[in-house]
Amino acid sequence: MRAGQYAGHDAVVSKGWWAAHKWLLLRRVSQLGILGLFLLGPWFGVWIVEGSLASSLTLEWLPLTDPYLLLQMLLSGGRPMQVAWIGAAIVVVFYLLVGGRAYCAWVCPVNIITDAAAWLNRRLGFKSTANFSRSTRYWILALTLLLALLTGSLAWELVNPVSSVYRALVFGIGSAWLLLVALFLFDAFVSRRGWCGHLCPVGAFYSLLGKASVVRISAVARARCNDCMDCFEVCPEPQVIRPALKGEASGAGPLILSPNCTNCGRCIDVCSKDVFRIDTRFNNSTNNQFLHKTEVAP
Ligand code: SF4
Ligand code: SF4
């Protein structure tokens, strides 16, 4: 990214606007489409999906249960029904395959709010005043589980922003909206990417779930990198990129192996050199046709 340009400018020039925004647009369609399915029932009486992101039944046939919620239920002394176990098993298998934090990029509606806050933060050039360790989210995750155990209730779910989006849209003005506005202001003006990148226990849970996931982003053509830094600028978890992109000298493969990569594909969008692609974890060889910059057309 050169001075005065936005991240992705070069990609728009070289690939065109659609190719430079493809994964971002597909994610928004996915996030809004899923949210829309949940709202069709309460808003219009069309019950394709019943329930919420925490626990749902699609077409009166497909149960889906948030495994993090199931864990809290178990710790609080609840006895989940068989259908909840089946729903959780389906969700676990799905995210073991596609990457745990694909939930954050492709499903979670809060991501739209935090992405908007990050965009505003970048445009205004606001410096973060609060920095949290990235491990804070795992401590908060442990705390929410401990809270369920000690209180015998799903205490975290009362304030969970992910559930709050649904509550805010179904029940209208209320504390859920205030919470979401506070989250936006926090990310925009206090801590850039603060919520999803450092604090959210839901994201922490799904990152643990996706540790060994099959689908991965690969910096397969890293030899083409021209150090414009656009991918680092737009990535919600920029620390995950460097080992794959710059690790060739130390023998590291091109796969992004950190469980905190959300598989959002934004790095693919904004890279004018087409360094990144979606790949599988079985393809981490340092031997590929892109090893030498001289092989690449200018
Ligand atoms: S980190 Fe939490 S709030 Fe952010 S996208 Fe993931 S689940 Fe949603
Ligand atoms: S590395 Fe790429 S796919 Fe992973 S979180 Fe960052 S921008 Fe998204």
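S.K.: How should I be thinking about the confidence of the model for the protein in this particular structure?
M.R.: As a note on interpretation, predicted positions should not be read in detail where pLDDT is low. Averaged over the protein, the pLDDT score is 92; the fraction of residues at 70 or greater is 94%. Of the regions scoring below 50 in pLDDT, residues 291–298 engages in 9 contacts with residues more than four places distant in sequence or in other chains.

S.K.: Just checking my understanding: could you explain the side chain of T114 for this structure?
M.R.: You can see T114 is positioned in helix 6 (residues 110–124). Of the residues examined, T114 reaches a relative accessible area of 2% and is grouped as buried. Sequence-distant contacts of T114, that is, excluding residues within four places in its chain, are made with D187, R193, W195 and C196.

S.K.: I tried to follow unusual backbone geometry on my own but got confused; where do I start?
M.R.: Leave glycine aside and you will find that most residues have negative phi; peptide bonds, for their part, are mostly trans. At E60, a position not held by glycine, the phi torsion is positive, near 55°. Among the secondary structure elements, E60 is positioned in the loop between strand 2 (55–58) and strand 3 (62–65). One non-glycine residue, R193, lies in the positive phi region at around 55°.

S.K.: How do you make sense of the packing of helix 3 (residues 67–75) against helix 4 (residues 82–98) when you look at a structure like this?
M.R.: In helix packing, the relevant descriptors are the interaxial angle and the interaxial distance, both defined with respect to the helix axes. One way to put it is that helix 3 packs onto helix 4 with a least axis distance of 9 Å and a crossing angle of 140°. In this view, helix 3 runs oblique relative to helix 4, as classed from their interaxial angle. Contacts between helix 3 and helix 4 involve P67, L70 and L74 on the former and, on the latter, A84, W85, A88, V91 and V92.

S.K.: In this structure, what is going on with the pairing of strand 3? I would like to understand it.
M.R.: Note on strand geometry: in a regular strand, side chains alternate between the two faces of the sheet. Burial along strand 3 is one-sided: the residues P63 and T65 are buried and none of L62 and L64 is. Both strand 2 and strand 3 contribute to a ladder of 4 bridges, which runs antiparallel. Pairing of T58 across the sheet is with L62, part of strand 3. A loop of 3 residues connects strand 2 with strand 3, the two strands running antiparallel in sequence, and L59 in this loop sits at a positive phi of about 50°.

S.K.: What's the story with the environment of C200 in this structure? I'm lost.
M.R.: Here C200 lies in the loop between helix 10 (194–199) and helix 11 (201–209). Judged by its relative accessible area of 7%, C200 is buried. With 194 residues separating them in the primary sequence, C200 and Y6 have C-alpha atoms 28 Å apart. Residues in contact with C200, not counting those within four places in the same chain, are R137 and W195.

S.K.: So what exactly am I meant to see when it comes to the pattern of salt bridges here?
M.R.: Oppositely charged side chains are able to pair whenever their charged atoms sit close together. All told, the structure shown has 12 salt bridges when counted by the stated rule. Here D274 and K15 are joined by a salt bridge, their closest N and O atoms 3.4 Å apart. Pair noted here: D274 is in the loop between helix 14 (266–270) and strand 5 (277–280) and K15 is in helix 1 (residues 9–15), with a separation of 259 residues, a long-range link. Taking relative accessible area as the criterion, D274 reaches 39% and is therefore assigned partly exposed.

S.K.: Whenever I open this one, helix 9 (residues 175–190) confuses me. Can you help?
M.R.: The periodicity of an α-helix, 3.6 residues per turn, causes residues three or four positions apart to be oriented the same way. For helix 9, built from 16 residues, the straight-helix expectation of 22 Å at 1.5 Å per residue is met to within 8% by its first-to-last C-alpha distance of 21 Å. Of all the positions in helix 9, only A176, L180, L183, D187 and A188 are classed as buried. The buried residues of helix 9 occupy an angular sector of 120° when the element is viewed end-on, so they sit on one face. Within helix 9, the exposed residues directed more than 90 degrees away from the buried face are S175 and L178. Along its buried surface, helix 9 packs onto helix 6, helix 8 (161–171) and helix 10.

S.K.: Could you clarify how one ought to interpret the site of ligand 2 in this entry?
M.R.: Taken together, I217, C235, P236, V240, I241, I256, C261, T262, N263, C264, G265 and C267 make up the full set of residues adjacent to ligand 2. Here the shell around ligand 2 is built from residues that sort into 9 nonpolar, 3 polar and no charged.

S.K.: Before we go on, may I ask you to explain the sheet that holds strand 1 (residues 49–52) in this structure?
M.R.: Strand pairing in a sheet relies on backbone hydrogen bonds, with the paired strands running either antiparallel or parallel. The 3 strands lie next to each other as 1-2-3, forming an open sheet whose pairing is antiparallel. The open sheet has two free edges, formed respectively by strand 1 and strand 3, since each of these has just one partner strand. The mean angle between the axes of side-by-side strands here comes to 10°, regardless of whether they run parallel or antiparallel.

S.K.: Even after reading the chapter, I still don't get the environment of Q72, so can you show me in this structure?
M.R.: Looking at the element boundaries, Q72 is found in helix 3. Overall, the relative accessible area of 0% leaves Q72 in the buried class. Distance in space between the C-alpha atoms of Q72 and G152 is 9.1 Å, their sequence separation being 80 residues. Among the polar contacts listed, one links the side chain of Q72 to the side chain of E157, at a separation of 3.0 Å.

The rules behind each value
- Residues numbered from 1 in each chain as written.
- Chains lettered and ligands numbered in written order.
- Predicted model: local features only at pLDDT ≥ 70, side-chain atom pairs only at ≥ 80, totals over all residues.
- Heavy atoms only, no water.
- pLDDT = per-residue confidence, 0-100.
- Contact = heavy atoms within 4.5 Å.
- Helix = DSSP H or I, 4+ residues; strand = E, 2+ residues; numbered from the N terminus.
- Buried < 20%, exposed > 50% of the residue type's maximum accessible area, 1.4 Å probe, protein only.
- Axes fitted to C-alpha atoms, helices over the stretch in contact; angles between N-to-C directions.
- Parallel < 35°, antiparallel > 145°, perpendicular 65-115°, else oblique.
- Pairing = 2+ DSSP bridges.
- Salt bridge = Lys/Arg side-chain N within 4 Å of Asp/Glu carboxyl O.
- Expected span 1.5 Å × (residues − 1).
- Arc of directions from axis to C-beta.
- Near = heavy atom within 4 Å.
- Nonpolar A, V, L, I, M, F, W, Y, C, P; charged D, E, K, R; others polar.
- Polar contact = N/O pair within 3.5 Å; in protein donor to acceptor, adjacent residues only side chain to side chain.

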